[in-house]
Amino acid sequence: MPEKVKIIEWHQLEKKKYFLFMNVYMLTTNAVLFPVELVKTRLQLQRTKALYKNTLDVVYKTVKNEGFLGLYKGFPVSQFGVLTGHIYASSYEISREQFSTLQNAARGFLAGGLAAALEQTFINPVDVICQRMMVEGQGERNKQRVTLRSVVIVKRVLKEHGVFGFYRGFTASLMVEGLWSATWWASYGFYLDMIGKMVPDGTSHLVIKGLSGMLAGISSAVVGNPIDVIRVRLQVSYGLESY
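By convention here, each chain's residues receive numbers from 1 onward along its written sequence. Whole-chain, interface and lining totals are the exception, using all residues; otherwise, since this is a predicted model, local features are given only for residues with pLDDT of at least 70 and side-chain atom pairs are given and counted only at 80 or more. Hydrogen atoms and water are omitted, and side-chain values are computed over all heavy atoms in the structure.

A. Structural view of the overall build of the protein. In DSSP terms, a helix is any run of H or I states spanning at least four residues, a strand is any run of E spanning at least two, and both are numbered starting from the N terminus. When helices and strands are tallied, the protein shows 8 helices and 0 strands. Each helix (α) and strand (β) of the protein, taken in turn from the N terminus, gives the series α-α-α-α-α-α-α-α. Relative to its length of 243 residues, the protein is compact, with a C-alpha radius of gyration of 20 Å against a globular reference of 18 Å. For every residue, the accessible area (1.4 Å probe, protein chains only) is compared with the maximum for its type, and the residue is labelled buried under 20%, exposed over 50%, or partly exposed between those bounds. Taken over 243 residues, the protein has a buried fraction of 44%. The long-range share in the protein, meaning contacts at least 24 apart out of those at least 6 apart in sequence, stands at 79%. Neither His nor the chain ends contribute to the count of charged residues, in which Lys and Arg are positive and Asp and Glu negative. Where a charge sits is defined by one atom per residue type, namely NZ (Lys), CZ (Arg), CG (Asp) or CD (Glu). One finds the centroid of the 28 positive side-chain charges in the protein at a distance of 7 Å from the centroid of its 18 negative side-chain charges. Atoms considered for the radius of gyration are the C-alpha atoms alone. The globule rule reads 2.2 Å times the number of residues to the power 0.38. For this analysis, residues touch if any pair of their heavy atoms sits within 4.5 Å.

Here it is as structure tokens:
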């Protein structure tokens, strides 16, 4: 017999527990995945192999030349994303409930796209600052305090591009985040139903959701990565000729 996986709706959530666990989840996830984001950003900005040959080379050279904490350049600034993450999660759940007459994949696609577009309005300036911190001083141990470095970058962006400098690549960001989110949630709903029909009765829902999430992540990465390269290069627009 197929295993029917129940999806908890917004009105069924205990809001206090939801927001508490969301904080823990986002902080933990950011801490684990931030080095991956840094490596990805440095590779996306590199137009030749002058600095790094591949992913492992980025990790090796960063740790060797900048120390282990070099993998976390810009991490404190990125934690503002925890606040915008609540905007994303809440708007997704509320939007998804409004499309209750549609199939899971369609509901996820529409709600995910809307939630990502709303969040990006607030997070784009943080992305610009954080990404510049990721790529500045590559190969050097930066002893300057994070707060001071971020202030220097803010001043530089204002001087070079004005206030709108914090929204460089905003259109590309809307496209990549909206497309990524819509694709992830649509794929997740699709895989959830598909795997649920394939597995034997009694299969753990955690296993089904885990497999669905992994496959959805792969699908969204394949779709969104090309635009993500454009977005990063627009947001970190200075000194690219040296990469």
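Moving on from the model shown.
B. Molecular detail of the nonpolar core. The nonpolar core is taken to be a set of buried Ala, Val, Leu, Ile, Met, Phe, Trp, Tyr and Cys residues, with the residues joined through side-chain atoms within 4.5 Å. In this structure, F34, L38, L45, L71, F75, C130, M134, V135, V232 and V236 together form the largest nonpolar core, which totals 10 residues. Of all elements in the fold, only α1 (15–45) and α5 (104–135) reach the threshold of two or more residues within this core. If we skip the residues at most four places from it in the chain, V232 touches T41, Q44, L45 and Q131.

C. A look at the confidence of the model for the protein. Chain-level pLDDT for the protein is 83 on average; 90% of the residues reach the 70-or-more range. What pLDDT reports is the predictor's confidence in each residue, on a scale of 0 through 100. Predicted confidence is poor over residues 239–243, with pLDDT under 50, and the contacts of this stretch with residues over four places away or in other chains come to 10 contacts.

D. A nonpolar patch on the surface, seen in detail. Together, V207, L211, M214, I218, V222 and V223 give the surface a local cluster of nonpolar side chains, amounting to about 530 Å² of exposed area. Along the polypeptide, I218 turns up in helix α8 (residues 205–235). Grouping into patches uses exposed residues only, defined as over 30% relative accessible area, and leaves out salt-bridged ones; the cut-off is 9 Å for like charges and 5 Å for nonpolar side chains (Val, Leu, Ile, Met, Phe, Trp, Tyr). Note that accessible areas follow from Shrake-Rupley with a 1.4 Å probe, and for residues the cover is restricted to the protein chains shown. In the sections that follow, a salt bridge refers to a side-chain nitrogen of Lys or Arg positioned within 4 Å of a carboxyl oxygen of Asp or Glu.

E. The arrangement of the packing of aromatic side chains in detail. Within 6.5 Å between ring centres, the rings of Phe, Tyr and Trp (the latter by its six-membered ring) count as paired, and their orientation is classed by plane angle as stacked under 30 degrees, edge-to-face over 60, tilted in between. Enumeration according to the criterion identifies 11 aromatic pairs in this entry. With centroids separated by 5.4 Å and ring planes inclined at 75 degrees, the aromatic side chains of F34 and F75 adopt a geometry described as edge-to-face. A residue pair is termed long-range when its members are at least 10 positions apart, and F34 in helix α1 and F75 in helix α3 (residues 75–78) qualify at 41 residues. Grouping aromatic residues by their ring pairs yields a cluster made of F34, F68, Y72 and F75.

F. View of the packing of α1 against helix α4 (residues 81–98). Across the interface, α1 lies against α4 with an axial gap of 10 Å and an inter-helix angle of 125 degrees. Taken together, α1 and α4 sit at an angle that is classed as oblique. In the crossing of α1 with α4, the sense of the turn from one axis to the other is right-handed. Of the residues in α4, those in contact with Y18, F19, M22, N23, M26, L27 and N30 of α1 are V82, G85, H86, A89, S90 and E93. Under the grouping applied here, Gly and all other residues not named as nonpolar or charged are polar, the nonpolar ones being Ala, Val, Leu, Ile, Met, Phe, Trp, Tyr, Cys and Pro and the charged ones Asp, Glu, Lys and Arg. By residue class, the composition of the contact of α1 with α4 is 7 nonpolar, 5 polar and 1 charged. Every axis corresponds to a line fitted to the C-alpha atoms, with the helix fit spanning only the stretch in contact, and the corresponding angles, defined between N-to-C directions, vary from 0 to 180 degrees. For classification purposes, angles smaller than 35 degrees are called roughly parallel, those larger than 145 roughly antiparallel, those between 65 and 115 roughly perpendicular, and all remaining angles oblique. If you view the pair so one helix is near and one far, a crossing is left-handed when the near helix is turned anticlockwise from the far one by less than a right angle, and right-handed when it is turned clockwise.

G. Looking closely at the pattern of salt bridges. Per the counting criterion, the structure on display carries 9 salt bridges. For K73, the salt bridge is made with E66, and the minimal N-O distance between the two is 3.0 Å. Here K73 and E66 have matching classes, each one buried. Three or more residues are tied together by salt bridges with common partners; here these are E37, K40, D127, D228 and R231.

H. Structural context of the packing of α4 against α5. Between α4 and α5, whose axes approach to 8 Å, the crossing angle comes to 150 degrees. Of the possible angle classes, the one that applies to α4 and α5 is roughly antiparallel. By crossing handedness, the relation of α4 to α5 is classed as right-handed. Contacts between α4 and α5 pair G81, T84, G85, I87, Y88, S91, Y92, S95, R96 and E97 from the former with N104, R107, G108, A111, G112, L114, A115, A116, L118, E119, F122 and I123 from the latter. Tallied by class, residues from the contact of α4 with α5 come to 10 nonpolar, 8 polar and 4 charged.

I. Main features of the environment of V207. Among the secondary structure elements, V207 is positioned in helix α8. Sequence spacing of V207 and I195 is 12 residues, and the spatial spacing of their C-alpha atoms is 9.9 Å.

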